[in-house]
Amino acid sequence: MSTAGDQLRVVASGEMAPAQVGAALAEVTSSETALRRFLAGLPGVDQVGADQRAAALATRSIKAAAKAWAIDTAISMVDLTTLEGADTPGKVHALCMKAGRPDPEDPSVPPVAAVCVYPDLVGVARSALGSSPVKVASVATAFPSGRASRAVKLADVRDALEAGADEVDMVIDRGAFLAGHYGRVLEEVQAVKAACGPAHLKVILETGELATYDNVRRASWTAMLAGADFIKTSTGKVAPASTLPVGLVMLEAVRDFAAATGRLVGVKFAGGIRSTKDAIRYLVLANEVAGEAWLEPELLRLGASSLLNDLLMQRRKQRTGAYAGSQDFSVE
Amino acid sequence: MARFEYAPAPESRAVVSLRSSYGLFIDGAFVEPVDGGSFNTISPATEEVLAEVALAGAGDVERAVAAARRAQREVWAPMPGAERGKYLFRVARIIQERARELAVLESLDNGKPIRESRDVDVPLAAAHFFYYAGWADKLDYAGFGPAPRPLGVAGQIIPWNFPLLMAAWKLAPALATGSTCVLKPAETTPLSALLLAEIFQQAELPPGVVNILTGDGATGAALVARRDLDKVAFTGSTEVGKAIQRELAGTRTRLSLELGGKAANIVFEDAPLSQAIEGIVNGIFFNQGHVCCAGSRLLVQESVAEGVLDALKERLGTLRLGDPLDKNTDIGAINSGRQLDKIVELAASGEREGAERWSPSCAIPERGYWFPPTIFTGVAPSQRIAREEIFGPVLSVLTFRTPDEAVQKANNTTYGLSAGVWTEKGSRILWMADRLRAGVVWANTFNRFDPTSPFGGYRESGFGREGGRHGLEEYLDA
Amino acid sequence: MPEGRLAVNKTYKLYVAGAFPRSESGRSYPVHAADGALLANAALASRKDLRDAVVAARAAQPKWARTTAYNRGQVLYRIAEMLEERAAQFAEQVARSEGLAGAEAGRLVAASVDRLVYYAGWSDKLAQIAGAANPVAGPYFNFSLPEPTGVIGVVAPPGSSLLGLVSVLAPVIVTGNAAVVVASEERPVPAVTFAEVLATSDVPGGVVNLLTGRLAELAPVLAAHRDVDGLDLCGISEQDAAALERAAADNVKRVLRREVAPDWERRPSPRRMLHFVETKTVWHPIGA
């Protein structure tokens, strides 16, 4: 008897021809029952082992040229974010200026990947960024809780897109997920993906609310099966936000999904990433778990606000040998 | 070239001040050997001579045993347990304080990655002293009857794979009971034991309580040949262990042996696969496979064998082999030319006997002793690489279909030190653990060590336990 | 001391949640040396201070219990190190509080250090003597382990101001409990200074909370507090004990009764530790 779980093992083992893979995945997403079986058939994640692996990778020592490369790469992966009730056009404008040219004194500093704002401020960001390569990302779907009707969520997405968003960061319905309604989660991501059209869709799992690594793995696969371009750890509004072991589990998921389908899904780590050391640890993790293909902004993002200045300070330290001061870079 | 090329990140050698030559540590002082012999110890990663070390002969053994006997009778055994314990706490604390120095020295002399000496060997050594320190005044509660007495003087011979840690495993429980020690470190790795001797001096441990005799096999033989030891504790090869057991036949000397192994690491289809891959890697490539309890036989359920092997090979591609002092090194140097020859010979036998050999592409340094991580697939249980201990980074892969078959294959060895079981099914873990003839069974993990946890083998892996409450019994007259 | 220089005296405060607050009541009481001289004004803790201390203990306890036994042992050993370093100061305070000669007080301080070392050593051994693998008649793996009871109220001995305190506190916390201690009413000065040692010894805030004040005011509140799981009545007089034990029954507190004539210098057995642990037994099937 061939169950969805069995199919996954075959899919994940990479032993299937591409056409078969497509058919197998279509079957997996064909019904709530099939999806549930498929997700239940995923190999479990041993928490202790995952924590230890992440901790071991965190001891990698990145020095000299490797560090310089990592800092610039990390800057180019930053989604410079402001998601506060107190956000104003002025704040967003300032952030956009910083995003395009993080260090006005040093044009060799690359721009960040994107600015990330609420939908009503997308227009401000769009016009502030002008022809800059920096993308505009917008959270949507009743961020951060996701507690609204499907219609409201889709309207939220359309608002963001109409205002000029290049990327949409949606949240999954964690309530539905935890209640075991995986099909509902899948459908909702599919619906948002359809609404996005060419815009990139990042799917926020809010791993702090999913609680277990098994759930993180299942949610990752659900999002990828539904067409996510990125899977993203957190809204930044729930503790714990992004952690290295959760990152490890998600990077394994995109790696396995790529092996099975040939499609590379990106990963965005967001929340709690404040220091250069943190950022480099995520780069090491991506490098050694998913592989070096993921070391570019198309497939790896760091959602953060204060991180950028720390990267700039470390960058200057690398160049001048002296530690930078806390007021050396602009605070938005 | 890789996108993200990690720059060299070597740990500084400056923290270690090597002397050009070292004497023997007898009766609290460093002394010249009676016959004046010496040998060099080298760094296996570079073949550079690190220091000249005294070679103890029979006369030195006699002096050391006499010092240990006197210290045991006059000082150490009469001392209240709480006071003995405080010496051991001091030693534990100084090991913690001088941790980096010990780690660098260990990696220099042994060839193991600094990541391991820093994160495993040295902290565990300190933890062993800390744990047994606490037993010194609680022996009445250890379960071996009321008022157990110390055994006396122990001769202890340790291997080169975890030089400092094995010294701690031997010394800490003996000292806690009120016994005293003559410790003989391995020929290729004497330096961390000598630094430990300095630590004993710094801790003001009474003279003679621990004596350290560097030397070769003949030194160890001279120690075992004495008839005035109360105890011999040996960790090393099964061959030498058997010779020691024969040597002590007919004497009243107590013996514990921690010998070789050929552990099965058993992966079921319902295992947490990502963690199992890590466990396989850690099981056989930790410390270059120079681990008696290494998971050198991978038994993988046929239904997932192909996927596991693919994932394993991919993972091996990310291992970093090279300078042991580089903080990013995963695989260091083989400890000696002699050991390298043995690994090379056994690996060649695997190919000759028809197993399929695979290694990731990795650059091997020009100087020093190195062997790449190696996997043999299509291994038959009859082949030498499935039966003999290789003691190197070489994994033999076999398959099984049912739990019964896994048990049968796992137990089909003359050894019985350890085993690993990977499955998310708890009841199966315990079922397997019941049937595996091995002194340690790791479930969904591998190569974990803790001072509270007894360690030791079944069958030709030896007898006696080190660690935990059980470890005390080896040094108690109860 | 230089001629004409005025000494700066220390204010003795409570120790709650890792901080040193005054009593919320703003009260204090005079503490006298054995010879009658005024030693200090100690904070006179109120019922609200006690309530705050229990809240702090409850908040800190789960994490302390999850800390590895090895780490808890290290922390207790660290307390011993810090106490040893301040031995002279403690000897002076114990001598004045208890009216002892300097050498005698010094001996008690040394014994207090050794007592901490003794309990430090128990951290990762108690489970090895109090736990068991039970050979049940069936295909089950069955084991029993001691777990900390939770928040323990400790009424410290009235006489032995340091050694007595250490001897009742260490066995409570080494197993992973958190403690709310009411110090000796008449001799609280060494206890407050000991709290300073705790605060600088890697003991997480809230694991030990120490109050000074009137036993008559604090002990009944502690005994009746429903978020306190155990009670050491060591410092309670014979005639007061029964009422407190009755109050403790309301939430089935584990009560350690006062000893008739405690000898704090004798090496203790594991009894005090075992009084404030629960035995948990786990069954698990064995099958392929």
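In this text, all values refer to a predicted model and were calculated from it rather than measured experimentally. (Residues numbered from 1 in each chain as written. Chains lettered and ligands numbered in written order. Predicted model: local features only at pLDDT ≥ 70, side-chain atom pairs only at ≥ 80, totals over all residues.)

Remarks on the pairing of strand S5 (residues 151–155) of chain C
All names here are of chain C. Let me state the cut-off plainly: Buried means a residue has 20 or more other C-beta atoms within 10 Å of its own C-beta, exposed means 12 or fewer, and partly exposed covers the counts in between; C-beta atoms are placed from the backbone. Only DSSP runs of H or I covering at least 4 residues are called helices, and only runs of E covering at least 2 are called strands; the numbering of each starts at the N terminus. Strand pairing is assigned whenever DSSP detects at least two bridges linking the two strands. Look down the strands so they point away from you; if going from the first strand over the helix to the second traces a clockwise path, that crossover is right-handed.
The element S5 is largely enclosed, with a buried count of five among its five residues. Here S5 runs beside strand S6 (residues 178–182); their pairing, made up of five bridges, is parallel. Note that in S6 the partner of Val154 across the bridge is Val181. Each parallel crossover has a hand, and for S5 linked through helix H6 (residues 163–173) to S6 it is right-handed. Of the pairings in the sheet, the one linking S5 to strand S8 (residues 230–232) comprises three bridges and is parallel in character. Opposite Gly153, over in S8, you have Leu231 as the bridge partner.

As for the interface of chain B and chain C
In many reports, interface size means the accessible area that the parts give up when they come together. Applicable threshold: Contact definition: two residues whose C-beta atoms, as placed from backbone geometry, lie within 7 Å. Gly counts as polar in this scheme, as do all residues outside two lists: the nonpolar Ala, Val, Leu, Ile, Met, Phe, Trp, Tyr, Cys and Pro, and the charged Asp, Glu, Lys and Arg.
Taken residue by residue, the interface counts 24 residues in chain B and 20 residues in chain C. Contributions of two or more residues to the side of chain B that touches chain C are made by helix H2 (81–97), helix H4 (114–135) and helix H14 (426–435) of chain B. Taken together, the residues of the side of chain B that touches chain C break down into eleven nonpolar, seven polar and six charged.

Focus on the packing of helix H4 (residues 47–57) of chain A against helix H9 (residues 273–285) of chain B
Short version of the rule: Angles here are taken between N-to-C directions and fall from 0 to 180 degrees, while the axes themselves are lines fitted to C-alpha atoms, restricted in helices to the stretch in contact. Small angles under 35 degrees read as roughly parallel and large ones over 145 as roughly antiparallel, with 65 to 115 read as roughly perpendicular and the rest as oblique. In this scheme the crossing of two helices becomes right-handed for a clockwise turn of the near helix relative to the far one and left-handed for an anticlockwise turn of less than a right angle.
Packing of H4 of chain A against H9 of chain B leaves a shortest axis separation of 9 Å and a crossing angle of 60°. With respect to each other, H4 of chain A and H9 of chain B are oriented oblique. Crossing geometry of H4 of chain A relative to H9 of chain B is assigned as left-handed. On the side of H4 of chain A, the interface is formed by Gly49, Ala50 and Arg53 of chain A, while H9 of chain B contributes Gln275, Glu278 and Gly279 of chain B.

Points about the domain arrangement of chain B
Residue and element names in this part refer to chain B. To keep it simple, the criterion reads: Segment limits for the domains were obtained from an automatic or database-derived domain assignment.
Here chain B is described as being made up of domain 1 (13–259 + 459–477) and domain 2 (264–443). Spacing between the C-alpha centres of domain 1 and domain 2 amounts to 30 Å. Contact residues are listed per partner, giving 22 residues for domain 1 and 25 residues for domain 2. Listing elements by their share of the side of domain 1 that touches domain 2, those giving two or more residues are helix H3 (99–110) and H4. Each residue belonging to the side of domain 1 that touches domain 2 can be placed in one class, and the counts come to seven nonpolar, seven polar and eight charged.

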